[in-house]
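So you can see what is in the structure, the chains are spelled out below.
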Amino acid sequence: MIMLNKYLDVKPEVAEALAAGKPVVALESTIISHGMPYPQNVETALAVEKIIRDNGAVPATIAVIGGRLKAGLTPEEIEYFGKKGQAIAKASRRDLAVLCARGEDGATTVTTTMIIAHMAGIKIFATGGIGGVHRGAETTMDISADLEELAQTPVMVVCAGAKSILDLGLTLEYLETKGVPVIGYGTEELPAFYTPHSGFSVDYRMDTPQELAAAFATQNALGFRGGMLVTNPIPDAYAMPAEVINAAIDQAVAECKEKGIHGKATTPFLLARVSELTGGDSLESNIQLVFNNARLAAKTAVAYCQL
Ligand code: PSU
Ligand code: MN
């Protein structure tokens, strides 16, 4: 009998799957409220859940609602998060206690999705991109809490790499210091979200969900606390031309600096600005890479349960 946290609500379908040793994949809610516009955010979140199911796992979209940590949302709750968008607080590790104490809502980032997934007993999590070390962090010290969470919480995060709104080289250095393995799925090169190429190398290449599952199970069996980062390149058919996306990112980063935006507002500002500057193209790429990650995460969760 697993003792669950008193602030945690696990959706019955998710709880049943976990109790039966069946595959479950966690999904984050900041990507819904802050990462994409309405209504594409809701359509994408629901389609991602379907992809997880079609690939043999149960989806658990994670969020904070009325001070409760939710592992698994209903379609109505997903619609609520999508519609409220940026009006919902973006919840990182430092925010969870206050949100629970006050009975408020929060959209979970990679950090808080990992925390709540781990509380519920979910091992695998699919998202779009992670936060990391921001460009200019040597003076701003803007380093996403996602990296610290990967260092201390045993959840596998399947993403499409990180956007070059970040300093990708410094992000890899930080992950190395913290002992987080960075795996390339079918590639030796760290993917840069909208493009499969960053010019940086990953630590290991793996080519099957079984290999990913075995490496992560071994890390857990060794008693290591941390997570594992799986970077899955965007399919070529949906990749953006590097010049187009990099020009938009450089402009967004410059505007962010000019406007003096900092703290938790930085990443949502950069994401929204890049999306405006590149129009619907980057949104379509973003949606497709999330679908691709959901497929891989579900297959890996299935493989993990078969070990
Ligand atoms: N990067 C993306 N898409 C996202 C995010 C980051 O390409 O949606 C979101 C995720 O929820 C991530 C968070 O965990 O932003 C990181 O925010 P910050 O940099 O403030 O830690
Ligand atoms: Mn930050």
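Residues numbered from 1 in each chain as written. Chains lettered and ligands numbered in written order. Predicted model: local features only at pLDDT ≥ 70, side-chain atom pairs only at ≥ 80, totals over all residues. Heavy atoms only, no water.

### Some details on the overall build of the protein chain
Here's step 1: Counting its regular elements, the protein chain contains 13 helices and 11 strands.
Here's step 2: Taking 19 Å as the expected radius of gyration for a compact globule of 307 residues, we find that the protein chain reaches 18 Å, a close match to that expectation.
Here's step 3: Counting only C-alpha atoms, the protein chain reaches 55 × 40 × 35 Å along its principal axes.
Here's step 4: Across the protein chain, every contact between residues at least 6 apart in sequence was considered, and the portion connecting residues at least 24 apart equals 75%.
Here's step 5: Roughly 13100 Å² of accessible area belongs to the protein chain as shown, and the carbon and sulfur atoms make up 55% of that amount.
Here's step 6: Mean positive and mean negative side-chain charge positions of the protein chain (25 and 34 charges, respectively) differ by 7 Å. (Helix = DSSP H or I, 4+ residues; strand = E, 2+ residues; numbered from the N terminus. Rg over C-alpha atoms; globule rule 2.2 N^0.38 Å. Contact = heavy atoms within 4.5 Å. Areas by Shrake-Rupley, 256 points an atom, 1.4 Å probe, with all protein chains shown as cover. Lys, Arg positive; Asp, Glu negative; His and termini not counted. Charge placed at Lys NZ, Arg CZ, Asp CG, Glu CD.)

### Focus on the site of ligand 1
Here's step 1: As a structural note, the neighbourhood of ligand 1 is formed by 14 residues, with Glu-28, Lys-90, Ser-144, Lys-163 and Thr-267 the closest of them.
Here's step 2: Note that an oxygen atom of ligand 1 is positioned 2.7 Å from one of the side-chain N or O atoms of Lys-90.
Here's step 3: Between ligand 1 and the protein, one listed contact pairs an oxygen atom with a side-chain N or O atom of Thr-267 at 2.6 Å.
Here's step 4: Bound to the protein, ligand 1 loses 92% of the 470 Å² it would expose on its own.
Here's step 5: Considering only residue class, the shell around ligand 1 consists of 4 nonpolar, 6 polar and 4 charged. (Near = heavy atom within 4 Å. Polar contact = N/O pair within 3.5 Å; in protein donor to acceptor, adjacent residues only side chain to side chain. Nonpolar A, V, L, I, M, F, W, Y, C, P; charged D, E, K, R; others polar.)

### Overview of the UniProt feature "active site" (unreviewed entry) in the protein chain
Here's step 1: Those residues carrying the UniProt feature "active site" (unreviewed entry) are Glu-28 and Lys-163 in this numbering.
Here's step 2: By the secondary structure assignment, Glu-28 is in the loop between β2 (24–27) and α2 (30–33).
Here's step 3: A relative accessible area of 8% places Glu-28 in the buried class.
Here's step 4: In contact with Glu-28, not counting residues within four places along its chain, are Thr-61, Ile-62, Thr-108, Thr-109, Val-110, Thr-113, Phe-125, Ala-126, Thr-127 and Gly-129.
Here's step 5: For Lys-163, a relative accessible area of 10% corresponds to the buried category.
Here's step 6: Sequence-distant contacts of Lys-163, defined by excluding residues within four places in its chain, comprise Leu-168, Ala-192, Phe-193, Tyr-194 and Leu-271. (UniProt positions renumbered as here; feature names shortened; annotations may be inferred. Buried < 20%, exposed > 50% of the residue type's maximum accessible area, 1.4 Å probe, protein only.)

### Considering helix α12 (residues 266–278)
Here's step 1: Between the first and last C-alpha of α12 there are 18 Å, a value that for 13 residues agrees with the 18 Å anticipated at 1.5 Å per step.
Here's step 2: Every buried residue of α12 is accounted for by Thr-266, Pro-268, Phe-269, Leu-270, Arg-273, Val-274 and Thr-278.
Here's step 3: Buried-residue contacts for α12 involve β5 (90–91), α11 (242–258) and α13 (280–305). (Expected span 1.5 Å × (residues − 1).)

### Some words on the UniProt feature "binding site: Mn(2+)" (unreviewed entry) in the protein chain
Here's step 1: Mapped onto the present numbering, the UniProt feature "binding site: Mn(2+)" (unreviewed entry) falls at Asp-142.
Here's step 2: Structurally, the position occupied by Asp-142 is in the loop between α7 (137–140) and α8 (145–152).
Here's step 3: For Asp-142, the contacting residues outside a window of four places in its chain are Gly-132, Val-133, His-134, Ala-137, Gly-263 and Thr-266.

### Focus: the packing of α12 against α13
Here's step 1: In contact at an axis separation of 5 Å, α12 and α13 are set at 120° when each is read in the N-to-C sense. Here α12 is positioned oblique relative to α13, judged by the angle of their axes. Across from Val-274, Ser-275 and Thr-278 in α12, the residues of α13 making contact are Gly-280, Asp-281 and Ser-282.
Here's step 2: When the residues that make up the contact of α12 with α13 are grouped by side-chain class, the tally is 1 nonpolar, 4 polar and 1 charged. (Axes fitted to C-alpha atoms, helices over the stretch in contact; angles between N-to-C directions. Parallel < 35°, antiparallel > 145°, perpendicular 65-115°, else oblique.)

### Some details on the packing of aromatic side chains
Here's step 1: Counted by the stated rule, this structure contains 3 aromatic pairs.
Here's step 2: Relative to Phe-81, the ring of Tyr-80 lies with its centre 5.8 Å away and its plane at 80°, an arrangement referred to as edge-to-face.
Here's step 3: Exposure remark for Tyr-80: the relative accessible area of 33% places this residue in the partly exposed category.
Here's step 4: Looking at Phe-81, the relative accessible area reads 0%, which means it is buried.
Here's step 5: Note on Phe-193 and Tyr-194: the rings are 4.9 Å apart at their centroids and 85° apart in plane angle, and the pair reads as edge-to-face. The same class applies to Phe-193 as to Tyr-194, namely buried. (Phe/Tyr/Trp six-rings, centres within 6.5 Å; stacked < 30°, edge-to-face > 60°.)

### Examining the pattern of salt bridges
Here's step 1: Within this structure, the stated rule accounts for 14 salt bridges.
Here's step 2: Salt-bridge contacts for Glu-13 lead to Lys-11; the nearest nitrogen and oxygen are separated by 3.8 Å.
Here's step 3: For Glu-13, a relative accessible area of 28% gives the class partly exposed.
Here's step 4: For Lys-11, a relative accessible area of 18% translates into the label buried.
Here's step 5: A salt bridge links Arg-273 to Glu-255, with the nearest nitrogen and oxygen atoms 2.4 Å apart. (Salt bridge = Lys/Arg side-chain N within 4 Å of Asp/Glu carboxyl O.)

### Remarks on the environment of Ala-137
Here's step 1: As for its position among the elements, Ala-137 is in helix α7.
Here's step 2: What makes Ala-137 buried here is its relative accessible area of 8%.
Here's step 3: Ala-137 sits 29 residues away from Leu-166 along the chain, and the two C-alpha atoms are 9.2 Å apart.
Here's step 4: Non-local contacts of Ala-137, meaning those with residues more than four positions away in its chain, are made with Asp-142 and Ile-143.

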